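Given next are the chains, with one letter for each unit.
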Amino acid sequence: TGVATMKFKSPPVNSLSLDFLTEFCISLEKLENDRACRGVIFTSAVPKIFSSGLDITEMCGKSTEHYAEFWRAVQEMWLRLYSSNMVTIAAVNGSSPAGGCLVALSCDYRIMVENPKFSIGLNEAQLGIVAPFWFKDTFVNVVGHRVAERSLQLGSLHTAPEAHRVGLVDELVPEEKLQEKAAAVMAQWLALPDHARQLTKSMMRKAVLDRLVAHREEDIQNFISFISKESIQKSLRMYMEMLKKRK
Amino acid sequence: TGVATMKFKSPPVNSLSLDFLTEFCISLEKLENDRACRGVIFTSAVPKIFSSGLDITEMCGKSTEHYAEFWRAVQEMWLRLYSSNMVTIAAVNGSSPAGGCLVALSCDYRIMVENPKFSIGLNEAQLGIVAPFWFKDTFVNVVGHRVAERSLQLGSLHTAPEAHRVGLVDELVPEEKLQEKAAAVMAQWLALPDHARQLTKSMMRKAVLDRLVAHREEDIQNFISFISKESIQKSLRMYMEMLKKRK
Amino acid sequence: TGVATMKFKSPPVNSLSLDFLTEFCISLEKLENDRACRGVIFTSAVPKIFSSGLDITEMCGKSTEHYAEFWRAVQEMWLRLYSSNMVTIAAVNGSSPAGGCLVALSCDYRIMVENPKFSIGLNEAQLGIVAPFWFKDTFVNVVGHRVAERSLQLGSLHTAPEAHRVGLVDELVPEEKLQEKAAAVMAQWLALPDHARQLTKSMMRKAVLDRLVAHREEDIQNFISFISKESIQKSLRMYMEMLKKRK
C-alpha cells in the first residue's frame, strides 16, 4: 500500500534517548529513500504512552561533548520529520509530553485516542526548562500564537479532549479504532499527486525549517550552556528522583 | 450610494482568462479612481458558479511569452484587488475553486450562499500543481497556518458550511438574501471614515503585498518553468479532457 | 502572596494621560524590581470603565514637543508591560476602548466581567485615526490576523460575550467573582518556576517588542505628523465635543 508504520517500542516510556533518536533517523531516511513508501504512521507499542519526550538521563551529569551530540540528534530528528516528503500521521495512543508532543506536532496529521487520561503538550516550563525556539515555531504553526503563548508559559499538558479543542490534535477516536482511522486518513492524503503535495508542504514549512538550519550551532551552544547550569542540573535530578519514586 | 457591483459574466464558468483578467483590472482601476465609488461587491451572473479560477486553456500548449503575459495579468489582478482602497465584498453565489477562491480571499469580507452543493477552496494540488506563495500568504492571513497547511496539501474544496466553519468565508445566507446582505455589510464598512480604514487595511496587508512585488519577475519565471514541464502539460490536458466529457 | 493589584483610579474614565502613564510606569518598575512581587493584577476602581484609552486632551492643540513626550510615554508603558517579567492579569471590570484595550491585550491573561454593556476593542478607526503597528502586532498575537484585520478596519468595540468569542478575552465571569477568579488564575501561573516562564514569555514576544524598539523614533515622528494634521485635530475636537455633550 506504500504505507509504513513506525511503532515506538522502547519501554518503559519511549524516551527519546540518543539511541532511539539515531535509530529513528536511520529508519526515517530508509523510508524516505524507498520509492515504494509514500506515507508513514507513527504510533506506540508501549501501553498508555506515545513518547515521554527527551531522555533526561542524556541531559544529566554528562560531558559537554555528550550534550552536543545529543542535541544535534534531537535537531536532526525534527529536521527530517518536519521536512519529510512522505505523508506523516501521528496515531497518538498514549500520553505525549515535551519531545513526544514535538514528534506529533511535526506530522501532517494528528489522531489521538479519546481517553481523557492521556495528555499531550510542551510542558518544559514545568521542569524549569524552556522549549527551544523551533519547538515553539512548530507549535505556533499548529495552534496559533495565543494558544502557544499560554500553553508554553504554563507548561500545559492537555488532556485529549482539551488538546482537540485547542487544535493540538486534529481528531479523537476510541482506542480500538485508531489504526483503522489512521489508515483511512492516510489513504485520503495519498489520493493526491505526490509532487504537488510535497512542494506545498515544503512551502508551508520552509521558513521555520530554515530558521533552525541557519542557527543550528548556536542552538547547540545555547542548549549546552543552559543544561550545564547547576540550577538546571539540580532540578533535573530532582525530577528524576520524583519519577523513580512514582514507580 | 457609492457602491459598485461587479458581476462576473463570462459563461460557461467565469474562467479567469487573459481577457477576463485584463477587463477586471481596467474596471477595478476605473472604480478606484472614481472618487464617488467607495466600495465594490463582486458576484456572478452565471448560475451555480462564482468563478472556476484560472483559465486552463491559457496554460496549455501556449508560448513562453504567452505564459509570461498571462501570469503577469494574474499577479496584477491580485495586487490591485488585495490592495484596493475600496471596501471589497465577495458575494459568493456559486462554486469557487482555485483562482476563484483567491478572488474571494482577497476581499475584505466574504458572504457565501449556504447551499452545500457550492464549494470553495485552493484545490490546485488536486490538479498536480502548486498554489503560488502569494495565494498561500493570502490564505494564511484568512484561515491561519494550520488550516491552510492541511487544506492546501489536500487541495480541499470545502462545501459552504465547511468553508464557514474553517473561517474561509465569514457568513452564510440563503441565495435570495445574498445581495441584500452584501449591501448591509457594505453599509456597515462604509460607516467608517475612509482614510483611517484604508491606512489600517494597508498596514494589515502590506507585508504580503510587498513580498510579491519584490519577487514578481522570479515568480513569473517559476510559473513558466513549472507550467512548461511535459508532465504538467499532460496532466492539464487530461484535466481538460475530463471537463469536456463531464459536459 | 507575591501578588500586587494595580487599581486604576483616575476619574471619570481612567484616561491614559501623560501623568497616568508616568505613574503607571513608575509603579510597574517598582514592582518589577521588587523580588517579593511575582505577579500583578490590573483592574479599575472606577465603576463601569476599565480604561477609556489615550487621553485625547493630550493630543489636541498641544505643541510638537508635547506630542513627542506623550507618545514616548505611551510606548514606554507598552514596552514595560508587554515585556514584564511578572505574571500580568487584566481583570477587566468595565469598558475598555483603544489604549485601554491595549493594556488588557498586553497582559498574560484577560478576564472580563460578563456584562454585555461593557465593550472592548481597538476602535481607533472610528475616530478617524489608525492604531499604530505595535497595537496591531499585539492584537494579532492574541486574536490572529483575520479577526484583527476585520476588527481594526471596522474599529469594532466588542461586547464582553463577543470579545470572548473572538478570543480577545480569555474568560468571562460575573462581576462579584472577578477578583477571586483573577487570584485563582494568578495562583495557577505562579505555580510555575519563574525563570522558565519568563524566558518562554520573552521568546514569544521578542519579535514584536524588538520591532518597536527598532522603529521608536520613527514611530514618534509618524505620530506627530499624523496628529498635527488639521483634519485630524478637527475630528478629535468634534469627538471631544460629543463626549462633553453626552455628560
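Residues numbered from 1 in each chain as written. Chains lettered and ligands numbered in written order. Predicted model: local features only at pLDDT ≥ 70, side-chain atom pairs only at ≥ 80, totals over all residues. Heavy atoms only, no water.

In the annotation of an unreviewed UniProt entry, the entry for chain A reads Enoyl-CoA delta isomerase 1, mitochondrial, and the organism field reads Ciconia maguari. Turning to chain A, the UniProt annotation filed under Function (unreviewed entry) states: "Key enzyme of fatty acid beta-oxidation. Able to isomerize both 3-cis (3Z) and 3-trans (3E) double bonds into the 2-trans (2E) form in a range of enoyl-CoA species, with a preference for (3Z)-enoyl-CoAs over (3E)-enoyl-CoAs. The catalytic efficiency of this enzyme is not affected by the fatty acyl chain length." (UniProt positions renumbered as here; feature names shortened; annotations may be inferred.)

All names here are of chain C. Counting buried residues in strand 6 (residues 87–92) gives 6 out of 6 residues, a clear majority hidden from the surface. Where burial is concerned, the two faces of strand 6 agree: the one with Val 87, Ile 89 and Ala 91 and the one with Thr 88, Ala 90 and Val 92 are both buried. Note that strand 3 (residues 39–44) and strand 6 share 4 bridges and pair parallel. Paired with Ile 41 across the strands is Ile 89, a residue of strand 6. Bridging between strand 6 and strand 8 (residues 109–113) involves 4 bridges; their strand directions are parallel. Looking at strand 8, one finds that Ala 90 is bridged to Arg 110. (Buried < 20%, exposed > 50% of the residue type's maximum accessible area, 1.4 Å probe, protein only. Helix = DSSP H or I, 4+ residues; strand = E, 2+ residues; numbered from the N terminus. Pairing = 2+ DSSP bridges.)

Between the two copies, chain A and chain B, the superposition gives an RMSD of 0.0 Å; the rotation angle is 120° and the shift along the axis is 0.0 Å. The symmetry that links the two subunits is that of a three-fold axis. It is Gly 144 of chain A whose C-alpha, among those of chain A, lies nearest the rotation axis, at 4.3 Å. (Least-squares fit on C-alpha atoms with pLDDT ≥ 70 in both.)

We now examine the pattern of salt bridges. All names here are of chain B. In this structure the tally under the stated criterion is 54 salt bridges over all chains. For Glu 76, the salt bridge goes to Arg 80, with nearest N and O atoms at 3.1 Å. Placement of the pair is Glu 76 and Arg 80 together in helix 2 (residues 64–82), with a separation of 4 residues, close to one helical turn. Classification of Glu 76 by relative accessible area gives partly exposed; the value is 25%. Two residues, Glu 230 and Arg 237, come together in a salt bridge whose shortest N-O distance is 2.9 Å. For Arg 237, a relative accessible area of 39% puts it in the partly exposed group. (Salt bridge = Lys/Arg side-chain N within 4 Å of Asp/Glu carboxyl O.)

Across the contact, 21 residues belong to chain C and 20 residues belong to chain B. Each partner contributes to the roughly 1,800 Å² buried at the junction of chain C and chain B, and carbon and sulfur atoms together form 62% of this total. When residues of chain C are sorted by the area they lose upon contact with chain B, Arg 146, Gln 153 and Leu 154 of chain C head the list and together hold 40% of the total. The tally of links between chain C and chain B comes to 3 salt bridges. For Arg 205 of chain B, the salt bridge is made with Glu 149 of chain C, and the minimal N-O distance between the two is 2.8 Å. Put simply, chain C and chain B have 7 residue pairs in polar contact (both at pLDDT 80 or more) between them. When residues of the side of chain C that touches chain B are traced back to their parent elements, those giving at least two are helix 4 (133–143) and helix 5 (145–154) of chain C. Element by element, the count of residues in the side of chain C that touches chain B is highest for helix 5 of chain C, at 8 residues. (Contact = heavy atoms within 4.5 Å. Buried area = accessible area lost by both parts, 1.4 Å probe. Polar contact = N/O pair within 3.5 Å; in protein donor to acceptor, adjacent residues only side chain to side chain.)

Residue and element names in this part refer to chain C. Direction vectors running N to C along helix 2 (residues 64–82) and helix 8 (residues 194–214) enclose 165°, while the axes themselves pass 10 Å from each other. Taken together, the axis directions place helix 2 and helix 8 in an arrangement best described as roughly antiparallel. Note that helix 2 runs across helix 8; the crossing there is left-handed. The segment helix 2 lies against helix 8, with Gln 75, Trp 78, Leu 79 and Tyr 82 engaging Lys 201, Arg 205, Val 208, Leu 209, Leu 212 and Val 213. (Axes fitted to C-alpha atoms, helices over the stretch in contact; angles between N-to-C directions. Parallel < 35°, antiparallel > 145°, perpendicular 65-115°, else oblique. Left-handed = near helix turned anticlockwise from the far one by under 90°.)

It is worth spelling out the sheet that holds strand 7 (residues 94–97) of chain C at this point. Residue and element names in this part refer to chain C. With respect to topology, 4 strands assemble into an open sheet ordered 4-7-9-10, the strand pairing being mixed. Because the sheet does not close on itself, it has two edges, and the strands there are strand 4 (48–49) and strand 10 (158–159). Of the strands in this sheet, strand 7 and strand 9 (119–121) touch helix 3 (residues 98–105), which is tilted by about 100° from strand 7.

Turning our eyes to something else, we now look at the environment of Thr 57 of chain B. Within the secondary structure layout, Thr 57 of chain B lies in the loop between strand 5 (53–54) and helix 2. With 129 residues separating them in the primary sequence, Thr 57 of chain B and Met 186 of chain B have C-alpha atoms 35 Å apart.

The description of two aromatic rings rests on the distance between their centres and on the angle between their planes. Residue and element names in this part refer to chain A. This model, assessed by the stated rule, comprises 36 aromatic pairs over all chains. With 5.3 Å between their ring centres and 45° between their planes, Trp 78 and Trp 134 make a pair best called tilted. Highlighted residues: Trp 78 in helix 2 (residues 64–82) and Trp 134 in helix 4 (residues 133–143), separated in sequence by 56 residues. Three or more aromatic residues joined by ring pairs make a cluster, and in this case those are Tyr 67, Trp 71, Trp 78, Tyr 82, Trp 134, Phe 135 and Phe 223. (Phe/Tyr/Trp six-rings, centres within 6.5 Å; stacked < 30°, edge-to-face > 60°.)

All names here are of chain A. With an omega dihedral of 5°, the bond running from Pro 11 to Pro 12 counts as a cis peptide bond. Summarising the element assignment, Pro 12 is placed in the loop between strand 1 (3–8) and strand 2 (15–16). For Ala 98, which is not glycine, the phi dihedral falls at a positive 45°. Residue position: Ala 98 is located in helix 3 (residues 98–105). Exposure remark for Ala 98: the relative accessible area of 15% places this residue in the buried category.

In this section: the interface of chain A and chain B. Counting residues at the interface gives 20 residues for chain A and 21 residues for chain B. Here chain A packs against chain B, burying approximately 1,800 Å² in sum over the two surfaces, 63% of which is carbon and sulfur. One can count 3 salt bridges joining chain A with chain B. Only strand 8 (109–113), helix 4, helix 7 (178–190) and helix 8 (194–214) of chain A provide two or more residues apiece to the side of chain A that touches chain B. Per-element accounting of the side of chain A that touches chain B gives the leading share, 9 residues, to helix 8 of chain A. Considering only residue class, the side of chain A that touches chain B consists of 10 nonpolar, 4 polar and 6 charged. (Nonpolar A, V, L, I, M, F, W, Y, C, P; charged D, E, K, R; others polar.)

So, on to the sheet that holds strand 11 (residues 171–173) of chain B. All names here are of chain B. Spatial ordering of the open sheet is given by 1-3-6-8-11, a layout of 5 strands whose pairing is parallel. Two strands close off the open sheet at either side, each with one partner strand: strand 1 (3–8) and strand 11. Between one strand and the next, the sheet's axes are offset by a mean angle of 20°, whatever the strand orientation. Contacts from helix 7 (residues 178–190) reach strand 1, strand 3 (39–44), strand 6 (87–92), strand 8 (109–113) and strand 11 within the one sheet, and its direction differs from that of strand 6 by about 165°.

In this section: the environment of Leu 212 of chain C. Residue and element names in this part refer to chain C. Examined against the element boundaries, Leu 212 turns out to sit in helix 8. Given a relative accessible area of 0%, Leu 212 falls into the buried group. The sequence separation of Leu 212 and Gln 75 amounts to 137 residues, and the corresponding C-alpha distance is 8.2 Å.

Here we take up helix 9 (residues 216–227) of chain A. Spanning 12 residues, helix 9 of chain A covers 16 Å between terminal C-alpha atoms, matching the ideal 16 Å at 1.5 Å per step. Buried residues of helix 9 of chain A: Arg 216, Asp 219, Ile 220, Phe 223, Ile 224, Phe 226 and Ile 227 of chain A, and no others. Elements in contact with the buried residues of helix 9 of chain A: helix 2, helix 4, helix 8 and helix 10 (230–246) of chain A together with helix 8 of chain C. (Expected span 1.5 Å × (residues − 1).)

For the rest of this paragraph, the subject is the packing of helix 3 (residues 98–105) of chain B against helix 4 (residues 133–143) of chain B. All names here are of chain B. One way to put it is that helix 3 packs onto helix 4 with a least axis distance of 10 Å and a crossing angle of 50°. One finds that helix 3 runs oblique with respect to helix 4. Handedness of the helix 3/helix 4 crossing: left-handed. From helix 3, Gly 99, Leu 102 and Leu 105 reach across to helix 4, where they touch Trp 134, Phe 135, Thr 138, Phe 139 and Val 142. Each residue belonging to the contact of helix 3 with helix 4 can be placed in one class, and the counts come to 6 nonpolar, 2 polar and no charged.

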